[in-house]
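A closer look at the structure
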Amino acid sequence: MHSIKSIFKYNSFMQNFSQTPMIQIIPFLETQLKKLSSKESISFKVLNPDYSSSTYNGNSVIIDLHEYIYRGYKTWLDLAQQFQCRMLTPLMVDEYFVIIKYEKLNSDVSFHKQSADKEEKYGKDSIFSLIHKNEEAAYLYYYLQALKNVKIDTRVRILNLGINSGDEFQAIIEVAEDFESLELVGIDYCSSAIESAQEKFKEYTNIKFIQADINELEKLALEKFDLIISIGTLQSSNLEFNKLLMSLVQNQLKRSGAMILGFPNCRWIDGEMVYGARVKNYAFSEMGLLYKDVIFSKKYLQQKKFRVTITGKDYVFLMGTSIL
Ligand SMILES: C[S@@+](CC[C@H](N)C(=O)[O-])C[C@H]1O[C@@H](n2cnc3c(N)ncnc32)[C@H](O)[C@@H]1O
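Residues numbered from 1 in each chain as written. Predicted model: local features only at pLDDT ≥ 70, side-chain atom pairs only at ≥ 80, totals over all residues.

**Some remarks on the site of the ligand**
Taken together, 19 residues sit near the ligand, with Tyr122, Gly162, Asn164, Tyr189 and Cys190 positioned nearest. Broken down by class, the residue content of the shell around the ligand amounts to seven nonpolar, seven polar and five charged. (Near = placed C-beta within 6 Å. Nonpolar A, V, L, I, M, F, W, Y, C, P; charged D, E, K, R; others polar.)

Below, the structure written as structure tokens:
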């Protein structure tokens, strides 16, 4: 454990951003972070965000006749994510200043880069299996809202496509008023994920997990559902988004049914859910594909007489409820 004194000794040249405008901080950090390897860190001194309250970023704070620029922690967290860094616990210098420390993420530790066969990329021993989305507030908050929005307690037969190990059902178990009266079916082509889900939910006789390819859904001859949920799945390269969505609405969903679609607007890197969809060959977040599929879903569902609502952040949630 380093004391503040020793931190200053080692960092006597530590950057002080307490009076520097953000327009200069961004290029400075960008240049410095490019020189660092994964897991190396950079520290800088800023005005203690708790020193002032009800203050928007950029306002002046006067301390001992000196003027400083106010910024809250959210801005430092946002910046850390934008530079693919983890923000570590800030160190108090004194009542007025803190040291912010960014650690560079190791972008190689990501399931996006894992080369496994396509079904097992999301299997029980994959990097993906270490992700617990129900512990990510920015995901769970909106998923719970989506369940509420479609009135989950009125949806008896529920289908989930790309269920993986079942986290989306876990949330339904927690919020449904009469869970036993629901019938849940989860589908995924990853056999080890389906086995984990079956083990995890074995006490629930009203949940069924099926290992199957979504492309061959019709072969399963399932009865129609009151609610179809699919999160982070329908945009997979092995599925044709538009065609699949239309077929789900026409063949798998009851006329009075509802849909919850979750579109990832993030990447999972080295333990962090990093905001912003990424597309090959782009150095920055590119959301064109995300918007295209969200808007197609919205227009199609509206045409089929669904009321459509879109919300979310790191995951964009589209909720459609039939108005018939
Ligand atoms: C990114 S994961 C999302 C899993 C889960 N819904 C979540 O959000 O954590 C995509 C899931 O869809 C499954 N999947 C992808 N294409 C599939 C297909 N054609 N048939 C069945 N499952 C598929 C994968 O095995 C994986 O479990």
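**A look at the sheet that holds strand E15 (residues 306–312)**
The seven strands are arranged E10-E9-E8-E11-E12-E16-E15 in an open sheet whose pairing can be described as mixed. In the strand order of this sheet, the two ends are held by strand E10 (207–211) and E15, each with one partner. Sheet twist, expressed as the mean angle between neighbouring strand axes with direction ignored, is 15°. In the sheet, E15 pairs with strand E16 (residues 315–322) via seven bridges, with the strands oriented antiparallel. Across the sheet, residue Arg307 finds its bridge partner in E16, namely Thr321. Sheet strands touched by helix H4 (residues 137–149): strand E12 (253–264), E15 and E16. Its angle to E16, the strand with the most contacts, is close to 5°. Sitting on the sheet, helix H8 (residues 288–303) touches E12, E15 and E16, and the angle it makes with E15 is about 155°. (Pairing = 2+ DSSP bridges. Helix = DSSP H or I, 4+ residues; strand = E, 2+ residues; numbered from the N terminus. Axes fitted to C-alpha atoms, helices over the stretch in contact; angles between N-to-C directions. Contact = placed C-beta atoms within 7 Å.)

**Quick word on the domain arrangement of the protein chain**
Assigned domains of the protein chain: these are domain 1 (4–104) and domain 2 (111–322). Put simply, the middle of domain 1 and the middle of domain 2, counted by C-alpha atoms, are 38 Å apart. (Domains from an automatic or database assignment.)

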